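A closer look at the structure
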Amino acid sequence: MTAPAEAVLVRVDRARCIGSGMCALGAPGALALGPDGVAEPVSGYADGGAELTPELTDAVDYCPVEALTLLSARGGYRIAPAE
Ligand code: SF4
């Protein structure tokens, strides 16, 4: 039996995002570019809590301006990036 995947939220620092689109390409189930060219969470990653995936973890790690933050949907604590 495998452990249930962790439920997470994604926060986008809109002042930092430069609209590179890398996160939307790498984790399209979790992030998309909005009409103003700034990334935004989709499908429950904004507030409902959705499943943590390796693609999402990579997107947070590889954002060129560190605009993405992963939070636990249950505890509210920060998962990534490391402080
Ligand atoms: S990878 Fe970072 S800078 Fe690029 S669109 Fe996503 S949040 Fe914005």
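Our subject in this report is the structure included herewith. (Residues numbered from 1 in each chain as written. Predicted model: local features only at pLDDT ≥ 70, side-chain atom pairs only at ≥ 80, totals over all residues. Heavy atoms only, no water.)

1. With respect to the sheet that holds strand E6 (residues 78-80)
What holds strands together in a sheet is hydrogen bonding between their backbones, with the strands either parallel or antiparallel. We count it as follows: Strands were regarded as paired on the criterion that DSSP finds at least two bridges between them. A run of H or I in DSSP becomes a helix once it reaches four residues, and a run of E becomes a strand once it reaches two; helices and strands are each numbered from the N terminus. The criterion used for residue contact is that any of the two residues' heavy atoms lie within 4.5 Å. Here an angle of 0 to 180 degrees is reported between the N-to-C directions of two axes, which are lines fitted to C-alpha atoms, with helices fitted over the stretch in contact.
Pairing in this open sheet of four strands is antiparallel, and the strands run E4-E1-E5-E6 from one edge to the other. A strand with exactly one partner marks an edge of an open sheet, and here the two such strands are strand E4 (50-51) and E6. With two bridges joining them, strand E1 (residues 7-12) and E4 adopt antiparallel strand pairing. Residue pairing across strands places Ala7 opposite Glu51, the latter belonging to E4. Contacts from helix H2 (residues 54-62) reach E1, strand E5 (68-72) and E6, with the element oriented near 135° to E5.

2. As for the environment of Pro64
Tracing the backbone shows Pro64 in the loop between H2 and E5. Put simply, Pro64 and Ser43 are 21 residues apart on the chain and 23 Å apart in space, counted from C-alpha to C-alpha. Setting aside chain neighbours within four positions, we find Pro64 in contact with Ile18, Ser20 and Met22.

3. Re unusual backbone geometry
Glycine aside, residues mostly have negative phi, and peptide bonds are mostly found in the trans state. To keep it simple, the criterion reads: Burial here depends on accessible area, computed with a 1.4 Å probe over protein chains only, as a share of the maximum for the residue type. Under 20% is buried, over 50% is exposed, and the range in between is partly exposed.
Residue Pro81 is reached from Ala80 by a cis peptide bond, and omega for that bond is -5°. Locating Pro81 in the fold gives a position in the segment after E6. The backbone of Ser43 sits at a positive phi, close to 50°, despite the residue not being glycine. Following the sequence through the fold, Ser43 ends up in the loop between strand E3 (39-41) and E4. Unusually for a residue other than glycine, Glu66 sits at a positive phi of about 50°. Among the structural elements, Glu66 can be located in the loop between H2 and E5. According to the relative accessible area criterion, Glu66 is exposed, its value standing at 58%.

4. Focus: the pattern of salt bridges
What counts is decided by this rule: Basic side-chain nitrogens of Lys or Arg form a salt bridge, by our definition, when they fall within 4 Å of a carboxyl oxygen of Asp or Glu.
Counting across every chain of the model gives two salt bridges. The salt bridge partner of Arg14 is Asp36, with a shortest N-O separation of 2.2 Å. Of the two residues, Arg14 sits in the loop between E1 and helix H1 (22-26) while Asp36 sits in the loop between strand E2 (31-33) and E3, which places them 22 residues apart along the sequence. Take Asp36: its relative accessible area is 47%, and that puts it in the partly exposed class.

5. Some remarks on the site of the ligand
Worth spelling out the cut-off: By convention in this text, a residue qualifies as near a molecule or strand provided that one of its non-hydrogen atoms is within 4 Å of it. All amino acids are sorted into three groups, where Ala, Val, Leu, Ile, Met, Phe, Trp, Tyr, Cys and Pro are nonpolar, Asp, Glu, Lys and Arg are charged, and the leftover types, Gly among them, are polar.
Taken together, 14 residues form the shell around the ligand, and within it Cys17, Ser20, Gly21, Cys23 and Cys63 come nearest. For the shell around the ligand, the residue count by class is eleven nonpolar, three polar and no charged.

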